[in-house]
Amino acid sequence: MGSSFRIWPEQASTIAGRVDGLYGFLIAVAVFFSGLIFLLVLYFAIKYRRRPGNMRAQQVGTHNWLEMTWILIPLALTMVVFVWGARLYAMVMLSPPANSLEVYAIGKQWMWKFQHPDGQREIDELHVPVGHPVKMTMTSQDAIHSFYVPAFRIKMDVVPGRYTTTWFEASKPGVYHLFCAEYCGTNHARMRGRVIALAPTQYEEWLSSNRAVEPMATTGAHLFQQMGCALCHGTALAPALEGVFGSSVQLQNGATVLADEDYMRESILNPGAKLVAGYAPIMPTFQGQLSEEELTQLVAYIKSLRQKPAGGR
Ligand code: CUA
């Protein structure tokens, strides 16, 4: 299951077929034109070879239609690839379905650490349900890594200092390779893992057999108390955080910002960077006091304060 080497990895996500369609098109275009050019070179080399009565090439004038043809055909082909590729990319980059299961990932030299919303943690293994979208919110605690699951046709850099996201929906049960696709030091090549896609009932079994943990948002809520956040947030000193996630926030400098995971993280570590309108810059930085895990738990807590439930779980 997934451990044997394949030149073309199996298709195991809802977008795999669409990515392969684009790849197939690119390969078909490359093969067609390579073949065409090869045959024409051969044909012209024979037809116009040097022989008695035809010792020297004759100068030929410009054919405008010919010039236009080999400008317009490649232009059209590259635009097809551009639009096709951009749409696929935007689909994966920008549109995790609202009912996605949210999994947090932290890359470190040289392992993958995952935490599920219900609190289950895993290292180098990620259990997901088949037929349900999974949104990954990822960061690194050291070098740049890259989350790459060939069978799902997704790859996304995992960068220190910010969150990147990607999503997938596994389409058949199985065990799939997870690779780090960005050179990150000595053991980069060993920074591998497995994504284990389970049928929904088996996934529920897996979840409940690992249930002896508290949800991420609960851990985050404890941290929120421990670190003293609750002393100011919700009072006149700092904004209440209920319903903030996903909203657009008016800043002191007149700009607005979408309150997403990255904004939460930045506001904890560098509170002055995007100050909310109407509040003084009195919040201390928590840089160096919170691990990446704790940051994701705080973010999960703030997300859980959404007033209207976003469906799904
Ligand atoms: Cu992590 Cu390469």
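Everything here concerns the structure above.
Residues numbered from 1 in each chain as written. Predicted model: local features only at pLDDT ≥ 70, side-chain atom pairs only at ≥ 80, totals over all residues. Heavy atoms only, no water.

A. Seen up close, the packing of helix 4 (residues 216-226) against helix 6 (residues 292-304). Put simply, helix 4 and helix 6 touch, their axes get as near as 7 Å, and they point 100° apart. Taken as axis vectors, helix 4 and helix 6 run roughly perpendicular relative to one another. Side by side, helix 4 and helix 6 meet where M216, A217, T219, G220, A221, L223 and F224 of the first sit next to E294, T296, Q297, L298, A300, Y301 and S304 of the second. Considering only residue class, the contact of helix 4 with helix 6 consists of 8 nonpolar, 5 polar and 1 charged. (Axes fitted to C-alpha atoms, helices over the stretch in contact; angles between N-to-C directions. Helix = DSSP H or I, 4+ residues; strand = E, 2+ residues; numbered from the N terminus. Parallel < 35°, antiparallel > 145°, perpendicular 65-115°, else oblique. Contact = heavy atoms within 4.5 Å. Nonpolar A, V, L, I, M, F, W, Y, C, P; charged D, E, K, R; others polar.)

B. Structural context of helix 6. Helix length check: helix 6 (13 residues) gives 18 Å between terminal C-alpha atoms against 18 Å at 1.5 Å per residue, within 8%. Along helix 6, 11 of the 13 residues are buried, which leaves the element largely enclosed by surrounding structure. Residues of helix 6 that are buried include every one of E292, E293, L295, T296, Q297, L298, V299, A300, Y301, I302 and K303, and no others. Against strand 1 (101-108), strand 2 (111-115), strand 3 (121-123), strand 5 (134-140), helix 4 and helix 5 (261-269) lie the buried residues of helix 6. (Expected span 1.5 Å × (residues − 1). Buried < 20%, exposed > 50% of the residue type's maximum accessible area, 1.4 Å probe, protein only.)

C. Expanded view of the sheet that holds strand 1. Strand order in this open sheet of 5 strands is 3-2-1-5-8, and the pairing throughout is mixed. With partners counted over all chains shown, the strands left at the sheet margins are strand 3 and strand 8 (164-168), one partner each. Strand-to-strand twist in this sheet, taken as the mean axis angle between neighbours without regard to direction, amounts to 25°. In the sheet, strand 1 pairs with strand 2 via 5 bridges, with the strands oriented antiparallel. Looking at strand 2, one finds that I106 is bridged to K113. (Pairing = 2+ DSSP bridges.)

D. Seen up close, the pattern of salt bridges. A complete count under the given rule lists 9 salt bridges for this structure. A salt bridge links E10 to K172; the shortest N-O distance between them is 3.4 Å. Note that E10 is positioned in the segment before helix 1 (16-47) and K172 in the loop between strand 8 and strand 9 (174-180), a separation of 162 residues in sequence. One salt bridge in this structure joins R265 and E292, with 2.6 Å as the shortest N-O distance. (Salt bridge = Lys/Arg side-chain N within 4 Å of Asp/Glu carboxyl O.)

E. View of the environment of C184. Here C184 is to be found in the loop between strand 9 and strand 10 (192-198). When the C-alpha atoms of C184 and Q109 are compared, they prove to be 7.1 Å apart, with 75 residues separating the residues in sequence. Apart from the residues lying within four places of it in its own chain, the contact partners of C184 are Q109, W110, A143, I144, H145 and M191.

F. Just a nonpolar patch on the surface, in detail. Together, F32, L36, I37, L40, V41, Y43, F44 and Y48 give the surface a local cluster of nonpolar side chains, amounting to about 810 Å² of exposed area. Relative to the elements of secondary structure, V41 occurs in helix 1. (Patch = residues over 30% accessible without salt bridge, like charges linked within 9 Å, V, L, I, M, F, W, Y side chains within 5 Å. Areas by Shrake-Rupley, 256 points an atom, 1.4 Å probe, with all protein chains shown as cover.)

G. Geometry of the pairing of strand 9. With 5 of 7 residues buried, strand 9 lies mostly within the body of the structure. Bridge analysis of strand 6 (residues 145-149) against strand 9 gives 2 bridges, and the strand direction is antiparallel. Bridge assignment links F147 to a residue of strand 9, and that residue is C180. Two elements, strand 9 and strand 10, share 6 bridges in a ladder whose sense is antiparallel. From the neighbouring strand, H177 faces strand 10, where its bridge partner is R194.

H. Expanded view of the state of the cysteines. Evaluated as defined, the whole model comprises 0 disulfides. C229 forms no disulfide, and the closest cysteine sulfur to it belongs to C232, at a distance of 8.9 Å. For C229, a relative accessible area of 15% puts it in the buried group. Taking the relative accessible area as the measure of exposure, C232 reaches 27% and is therefore partly exposed. (Disulfide = S-S within 2.5 Å.)

I. Local environment of the environment of R190. The topology assignment puts R190 in the loop between strand 9 and strand 10. For R190, a relative accessible area of 61% translates into the label exposed. As for R190 and M111, which are separated by 79 residues in sequence, their C-alpha atoms are 8.5 Å apart.

J. Broad picture of the packing of helix 1 against helix 2 (residues 64-94). At a minimum axis separation of 10 Å, helix 1 and helix 2 run at an interaxial angle of 160°. It follows from the interaxial angle that helix 1 and helix 2 lie roughly antiparallel. Crossing of helix 1 over helix 2 shows left-handed handedness. Residues R18, V19, G21, L22, F25, L26, V29 and F33 of helix 1 pack against I73, L77, V80, V81, W84, G85, L88 and M91 of helix 2. Grouping the constituent residues of the contact of helix 1 with helix 2 by class yields 13 nonpolar, 2 polar and 1 charged. (Left-handed = near helix turned anticlockwise from the far one by under 90°.)

K. Structural context of the sheet that holds strand 4 (residues 125-129). Read from one edge of the open sheet, 5 strands run 4-10-9-6-7, paired in mixed fashion. If you trace the sheet from one side to the other, it starts and ends with strand 4 and strand 7 (154-158), each paired once. Adjacent strand axes in the sheet meet at a mean angle of 25°, parallel and antiparallel pairs treated alike.

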